[in-house]
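Next come the chains, spelled out residue by residue.
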Amino acid sequence: MFSPAQTAKSQLAEIAFGRILTAMVTPFTTAGKLDQAGAGDLARWLCRDGFNDGVVVNGTTGESFATSNWEKASMIHAASMALQGTGRKVIAGVGSGDTAHSITLAQEAADQYADGLLVVAPYYSRPSQAGLLRHFLAVADSTDLPVMLYDIPKRTGVAISEETLAAAAQHPRIVAVKDAKGDLESTSRVIAETGLVYYSGDDALNLPLLSVGASGFVSVVGHFAARELRALLSAYSAGRVGEALDTHRRLLPTYAGTFRCPGAASVKAMLNRLGLPSGPVRLPLVDLTQAELERFLQDVHSSGLLPEPVPVQ
């Protein structure tokens with residue numbers, strides 16, 4: 001059983017973040033400039049009734065590696081203003097390889113009315129576990145916003161150990177983890193021992209992570225499959241495991257297709273097809289080729305997410 005403090009942490013996370021979030025792309029104009037108005041429109045569309053509880057901006061899918069501090073702040077402001085008064089949440093990615101830079105991004109996010117922070121392990125430098133912990137605590141101390149840690153060693157080069165997660169969980173504002181580690185055994189132990197609220201950060205593992213105690217998703221396919229993700233979560237939570245499994249299996253082609261190319265490029269291709277704010281990706285990413293787009297659309301169609309294959313113009 002969780003302690004009262006752990007239970008309070010769980011309640012804070014659900015209030016702060018919701019359960020189904022989409023890691024939103026950053027819309028650009030055809031000239032490659034930030035489309036701030038489009039960002040607000042897209043956030044509203046993603047958070048319409050029956051879809052997402054909120055959006056994560058300035059994450060990997062948001063091409064944060066290719067946007068300036070000003071663009072990041074503008075994205076948070078646009079999404080926050082678009083969702084003001086709706087109860088939907090805006091979580092700001094403040095990832096960086098530099099702790100001082102992450103603190104600056106966190107403080108700017110607070111200034112732009114973000115509801116929470118997503119803090120990935122510093123990338124490329126591969127810090128020690130002691131360095132990881134000090135980084136997380138420093139960012140958490142820099143604002144009053146709740147923090148979701150992001151564990152994705154295949155991108156950062158370093159995994160967050162169970163011991164580091166347990167130590168970080170002692171901070172009152174570190175309440176959740178976006179998990180893309182793919183280690184269900186380790187995740188099971190951390191959930192059981194810390195009370196940290198876990199969100200699947202790997203769409204193909206959404207259902208498996210629920211089975212070991214995760215509470216929700218930070219999804220990429222939630223751009224166009226949030227209704228199905230909500231149905232999966234609702235079915236599993238109600239004990240209709242077979243129904244949840246059916247939905248999981250139906251979405252497998254979409255999961256695979258979305259990440260065959262970089263997720264941001266796949267999502268932007270789909271949003272462009274739907275006439276929604278999106279635009280191109282920025283280098284070093286490149287847009288999908290016609291052949292890649294055709295294959296991706298077939299994947300999505302096979303999951304039942306398109307009424308018929310969308311013809312490529």
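Keep in mind the model is a prediction, meaning the values are calculated, not measured. (Residues numbered from 1 in each chain as written. Predicted model: local features only at pLDDT ≥ 70, side-chain atom pairs only at ≥ 80, totals over all residues. Heavy atoms only, no water.)

Visitor: I would appreciate a short explanation of the nonpolar core in the present structure.
Guide: The nonpolar side chains of soluble globular proteins are, as a tendency, buried together. One finds Met24, Val55, Leu117 and Phe224 to be the most contacted residues of the largest nonpolar core, which totals 76 residues. Contact partners of Val55, with chain neighbours within four places excluded, come to Leu21, Thr22, Met24, Leu46, Cys47, Ala79, Leu83, Lys89, Val90 and Ile91. With 18 residues, the next largest nonpolar core counts Ile152, Val197, Tyr199 and Val218 among its residues. (Core = buried A, V, L, I, M, F, W, Y, C linked by side-chain atoms within 4.5 Å. Buried < 20%, exposed > 50% of the residue type's maximum accessible area, 1.4 Å probe, protein only. Contact = heavy atoms within 4.5 Å.)

Visitor: Even after reading the chapter, I still don't get the packing of helix H2 (residues 36–46) against helix H3 (residues 69–83), so can you show me in this structure?
Guide: Two elements in contact, H2 and H3, have axes whose closest approach is 8 Å; the angle formed by their N-to-C orientations is 45°. What the angle tells us is that H2 and H3 run oblique. Two packed elements cross with a definite hand, and for H2 against H3 that hand is right-handed. Here Gln36, Ala39, Gly40, Ala43 and Arg44 of H2 lie close against H3, whose contacting residues are Ser74, Met75, His77, Ala78, Ala79, Ala82 and Leu83. Taken together, the residues that form the contact of H2 with H3 break down as seven nonpolar, four polar and one charged. (Axes fitted to C-alpha atoms, helices over the stretch in contact; angles between N-to-C directions. Helix = DSSP H or I, 4+ residues; strand = E, 2+ residues; numbered from the N terminus. Parallel < 35°, antiparallel > 145°, perpendicular 65-115°, else oblique. Left-handed = near helix turned anticlockwise from the far one by under 90°. Nonpolar A, V, L, I, M, F, W, Y, C, P; charged D, E, K, R; others polar.)

Visitor: Teacher, can you tell me more about helix H5 (residues 129–141) here?
Guide: Helical geometry: 3.6 residues make up each α-helical turn, so side chains three or four residues apart lie on a common side. If you check H5, its first and last C-alpha atoms are 18 Å apart, about what 13 residues at 1.5 Å a residue would give, namely 18 Å. When we look at burial in H5, the residues that qualify are Leu132, His135, Phe136, Val139 and Ala140. Along H5, the residues classed as buried sweep out an arc of 125° about the axis, all on the same side. Away from its buried face, by an angle of more than 90 degrees, H5 presents the exposed residues Ala130, Arg134 and Asp141. If you follow the buried residues of H5, they end up packed against helix H4 (99–111), strand S4 (116–120), strand S5 (147–151), helix H7 (162–168) and strand S6 (174–179). (Expected span 1.5 Å × (residues − 1). Arc of directions from axis to C-beta.)

Visitor: Explanation requested: the UniProt feature "site: Part of a proton relay during catalysis" (unreviewed entry) in the chain in the structure shown.
Guide: On the UniProt side, "site: Part of a proton relay during catalysis" (unreviewed entry) is annotated at positions that read Thr60 and Tyr124 here. Annotated residues spanning 65 residues; largest pairwise C-alpha distance 14.5 Å, indicating a single compact cluster. Residues that both appear in the annotated list above and line the largest pocket are Thr60. As for its placement among the helices and strands, Thr60 is situated in the loop between strand S2 (54–57) and H3. The class for Thr60 is partly exposed, based on a relative accessible area of 29%. If near-sequence neighbours (up to four positions away) are discounted, Thr60 is found in contact with Phe65 and Arg155. (UniProt positions renumbered as here; feature names shortened; annotations may be inferred. 1 Å grid on protein atoms, 1.4 Å probe; cavity = no way out; pocket = protein on both sides within 12 Å on 5 of 7 lines; lining within 4 Å.)

Visitor: Hey, could you run me through the UniProt feature "binding site: pyruvate" (unreviewed entry) in the chain in this one?
Guide: Sequence positions flagged by UniProt for "binding site: pyruvate" (unreviewed entry) are, in local numbering, Thr61 and Val218. For this annotated set, covering 158 residues, all C-alpha atoms fall within 11.1 Å of each other, a compact arrangement in space. Checking the named residues against the largest pocket, the ones that line it are Thr61 and Val218. Looking at where Thr61 falls in the secondary structure, it is placed in the loop between S2 and H3. For Thr61, a relative accessible area of 9% puts it in the buried group. Sequence-distant contacts of Thr61, defined by excluding residues within four places in its chain, comprise Ala23, Met24, Val25, Thr26, Val220, His223 and Ala264. In this structure, Val218 sits in strand S8 (residues 216–219). Judged by relative accessible area, Val218 falls into the buried class, the value being 2%.

Visitor: Where do I start with the packing of helix H12 (residues 263–273) against helix H13 (residues 290–302) in this structure?
Guide: When two helices pack together, their arrangement is given by the angle between the helix axes and the distance between those axes. At a minimum axis distance of 11 Å, the contact between H12 and H13 shows a crossing angle of 80°. On the basis of their axis angle, the class for H12 and H13 is roughly perpendicular. Side by side, H12 and H13 meet where Ser266, Ala269, Met270 and Arg273 of the first sit next to Leu293, Phe296, Leu297 and Val300 of the second. Considering only residue class, the contact of H12 with H13 consists of six nonpolar, one polar and one charged.

Visitor: Which parts of the structure should I look at to understand the pairing of S2?
Guide: Residue alternation in S2 divides its side chains into two sets, Gly54 and Val56 and Val55 and Val57, and both sets are buried. Of the pairings in the sheet, the one linking strand S1 (residues 20–23) to S2 comprises three bridges and is parallel in character. Each bridged residue has a counterpart across the sheet, and for Leu21 the counterpart in S2 is Gly54. Handedness of the crossover joining S1 and S2 through H2: right-handed. Pairing of S2 with strand S3 (residues 89–93), which is carried by four bridges, proceeds in the parallel orientation. Residue pairing for S3: Val55 is matched across the bridge by Val90. Considered for its hand, the β-α-β crossover made up of S2, H3 and S3 is right-handed. (Pairing = 2+ DSSP bridges. Right-handed = clockwise from strand over helix to strand, strands pointing away.)

Visitor: How should the pattern of salt bridges be read in this particular structure?
Guide: Think of it this way: side chains of opposite charge can pair up when their charged atoms draw near. Using the criterion set out here, one finds 11 salt bridges in the structure. Two residues, Arg44 and Asp41, come together in a salt bridge whose shortest N-O distance is 2.5 Å. Of this pair, Arg44 and Asp41 both sit in helix H2, three residues apart, which is roughly one turn of the helix. Look at Asp41 and you get partly exposed, because its relative accessible area is 38%. Salt-bridge contacts for Arg282 lead to Glu71; the nearest nitrogen and oxygen are separated by 2.8 Å. With Arg282 in the loop between H12 and H13 and Glu71 in helix H3, the pair connects residues that are 211 residues apart, well separated along the chain. Summarising the burial analysis for this pair, Arg282 and Glu71 share the class buried. (Salt bridge = Lys/Arg side-chain N within 4 Å of Asp/Glu carboxyl O.)

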